[in-house]
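Remarks on the overall topology
What follows is the residue order along each chain.
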Amino acid sequence: MFVVVGVTGGIAAYKTVGLVRLLVKAGHDVHVVPTDDALRFVGLPTWEAISRNPLTTSVHEDVARVRHVSLGQSADLVIVAPATANTLASMTAGLASDLLGTTLLATTAPVVVAPAMHTEMWRHPATVHNMDVLRARGVHVVGPADGALTGGDSGPGRMSEPEEIVAAALALVERPRDLSGLSVLVSAGGTREPIDPVRFLGNRSSGRQGVAIARAAADRGATVTLVAAHLDADVRPDPRVEVISVGTADELGRAMDATSPDADVVIMAAAVADYSVAAVSEHKLRKQDTPGGLTLELIENRDIVAGLVAARRPGQTIVAFAAETVDSQDELLERARAKAARKGVDLLAANAVGWTSGFETADNALKIIGRDGEVVGEAAGSKAETADALLDAVLAARWR
Ligand code: CTP
């Protein structure tokens, strides 16, 4: 699971090191977002070492990847621990003054806060009001605990223990382990067909949907293998997933052929090149060799999923994707039905794509077609949500 841990400026930040460690040990992909004040208590190298992920603390870093919103968009869960009175007030006001603020505004994931402050501050009408507003917005509050506070006084205000915060947070998002015992093979990303040593024919697939399916399957208890072709740099597979990296359609096909016999479920989410270059040049093509234009001869690649269907063993469920440029949902369904029948798959997940939709985005909208062409599922939302809807349809198809 992709977990964002916001750390704000309180002495309890040292306890959050243990919290991050617990999440990492449980196999989660943890991204720490400390505020500047938090870094006065625990430094950046500690967070990077414990979370095993590079850290960005400013909205002005990593701008090309729209870091100020991408963390929030990718998150399955956000925990803010410790949450100071100041941070809780900022959250109530919806302030976007730092990376944690923008992340919290950009996320639709459950948000858990673990307040930590002196009793007087916790009981102040301003804080009481802020907590009421946050709770009403669906923010989950763990603690604070009653006990000794820094400075020798005692009362409610201590940050709850990391184990308690982690247990409460994970309980909000953990899904039923309904895929446990199943082996799921997913392909993701886009293949590249070389033209010469420096050029290729490619496509716009980022790998986001396939990686989200692999993560959701792992969350639901499956053993997952991901055959990954050129994932975007910010699309990182869940650490619980075994990754086989490939480049071309041919490599992807061979990896799928080698791993599919052991899979109970095969999901072909990769965008596979339909053609490869007939004669790949050993040297960089030069304009002077082909003055006035260049014609490339392309040969058709084999249909990988059709091969998997032909070799399917009893009990194996095979899912294909279809990204179509269409003018209407009816046309999408019509094309998807034809493609599902042609490929002989158990399920086909269809989505409409265009110049500005379907690719490089956090959201997706899928229509899932069953063997007889009926719509067995529909989902619109984050790629994590559509991944879960697809896995629900896979389970239903296996029961039929
Ligand atoms: N696919 C595959 N092997 C290929 C091409 C596609 O296994 N050589 C898989 C994709 O991973 C996807 C499904 O087939 O799951 C549909 O891909 P798509 O490109 O839409 O299908 P095509 O058969 O190539 O149809 P079209 O002519 O519409 O491109």
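Preceding this section is the structure that the text describes.
Residues numbered from 1 in each chain as written. Predicted model: local features only at pLDDT ≥ 70, side-chain atom pairs only at ≥ 80, totals over all residues. Heavy atoms only, no water.

1. Structural notes on the pairing of strand β19 (residues 375-382)
In terms of strand pairing, strand β18 (residues 363-369) meets β19 through seven bridges, oriented antiparallel. By the bridge assignment for β19, I369 is matched with V375. Between β18 and β19, which follow one another and run antiparallel, lie five residues, and G373 among them has a positive phi close to 90°. (Pairing = 2+ DSSP bridges. Helix = DSSP H or I, 4+ residues; strand = E, 2+ residues; numbered from the N terminus.)

2. A word on the sheet that holds strand β16 (residues 317-324)
The strand order β12-β11-β8-β13-β16-β17-β18-β19 describes an open sheet built from eight strands, whose pairing is mixed. Either end of the sheet is taken by a strand with one partner, and the two such strands are β12 (242-246) and β19. The sheet shows a mean angle of 15° between the axes of neighbouring strands, direction not considered. Bridge analysis of strand β13 (residues 265-268) against β16 gives four bridges, and the strand direction is parallel. Its bridge partner lying in β16, V265 is registered against T317. Helix α13 (residues 329-343) rests against β16, β17 (347-352), β18 and β19 of the sheet, and its axis sits at about 145° to β17. Running over the sheet, helix α14 (residues 383-399) touches β13, β16, β17, β18 and β19 and is turned about 160° from β19. (Axes fitted to C-alpha atoms, helices over the stretch in contact; angles between N-to-C directions. Contact = heavy atoms within 4.5 Å.)

3. With respect to helix α10 (residues 208-219)
Between its first and last C-alpha, α10 extends 16 Å over twelve residues, near the 16 Å set by a 1.5 Å rise per residue. Counting buried positions along α10 gives eleven out of twelve residues, so the element sits mostly inside the fold. When we look at burial in α10, the residues that qualify are Q209, G210, V211, A212, I213, A214, R215, A216, A217, A218 and D219. (Expected span 1.5 Å × (residues − 1). Buried < 20%, exposed > 50% of the residue type's maximum accessible area, 1.4 Å probe, protein only.)

4. Overview of the site of the ligand
Near the ligand lie 14 residues; those nearest to it are M268, A270, V305, K339 and K343. Within the contact set of the ligand, an oxygen atom lies 2.8 Å away from a side-chain nitrogen or oxygen of D274. V305 is positioned with one of its backbone polar atoms (N or O) 2.8 Å from an oxygen atom of the ligand. For the shell around the ligand, the secondary structure elements donating two or more residues are α12 (304-310), β16 and α13. Along the lines of polarity and charge, the residues of the shell around the ligand split into eight nonpolar, no polar and six charged. (Near = heavy atom within 4 Å. Polar contact = N/O pair within 3.5 Å; in protein donor to acceptor, adjacent residues only side chain to side chain. Nonpolar A, V, L, I, M, F, W, Y, C, P; charged D, E, K, R; others polar.)

5. Observations concerning the packing of α10 against α14
Close contact between α10 and α14 brings their axes to 8 Å; oriented N to C, the two are set at 60°. Classified by the angle between their axes, α10 and α14 sit oblique to one another. For the pair α10 and α14, the crossing hand works out as right-handed. Residues R208, Q209, A212, I213, A216 and A217 of α10 form the contact with α14, whose own contacting residues are K383, A384, T386, A387, D388, L390 and L391. The residue inventory of the contact of α10 with α14, partitioned by class, reads eight nonpolar, two polar and three charged. (Parallel < 35°, antiparallel > 145°, perpendicular 65-115°, else oblique. Left-handed = near helix turned anticlockwise from the far one by under 90°.)

6. Brief notes about the packing of helix α1 (residues 13-25) against helix α3 (residues 44-51)
For the pair α1 and α3, interaxial distance at closest approach is 9 Å and the crossing angle is 20°. The angle between the axes of α1 and α3 places the two elements in the roughly parallel class. Our pair here, α1 against α3, has a crossing hand that is right-handed. Two secondary-structure elements touch here, α1 through A13, T16, V17, V20, R21 and V24 and α3 through T46, W47, I50 and S51. Here the residues of the contact of α1 with α3 are counted per class, giving six nonpolar, three polar and one charged.

7. As for the nonpolar core
Soluble globular proteins tend to bury their nonpolar side chains together. Core analysis: the largest hydrophobic core is formed by 34 residues, its most contacted members being V186, I213, V224, L226, I267, F321 and L390. Secondary structure elements with two or more residues in this core: β8 (183-189), α10, β11 (223-229), β13, β16, β17, β18 and α14. The residues contacting L390, other than those within four sequence positions of it, are I213, I267, V319, F321, A349 and I368. Counting 31 residues, the second-largest nonpolar core is a separate cluster that includes I50, I79, A114 and V173. (Core = buried A, V, L, I, M, F, W, Y, C linked by side-chain atoms within 4.5 Å.)

8. Re the side chain of S205
As for its position among the elements, S205 is in the loop between β10 (199-201) and α10. By relative accessible area, S205 is classed as buried at 14%. A distance of 3.2 Å separates the side chain of S205 from the backbone oxygen of G189, its partner in a polar contact. The contacts of S205, once residues within four sequence positions are left out, are G189, G190, H230, D232, A271 and F359.

9. Brief notes about a nonpolar patch on the surface
Residues L201, Y275, L294, L296 and L298 make up a contiguous nonpolar surface patch of roughly 410 Å² in combined accessible area. With respect to the helices, strands and loops of the structure, L201 is situated in strand β10. (Patch = residues over 30% accessible without salt bridge, like charges linked within 9 Å, V, L, I, M, F, W, Y side chains within 5 Å. Areas by Shrake-Rupley, 256 points an atom, 1.4 Å probe, with all protein chains shown as cover. Salt bridge = Lys/Arg side-chain N within 4 Å of Asp/Glu carboxyl O.)

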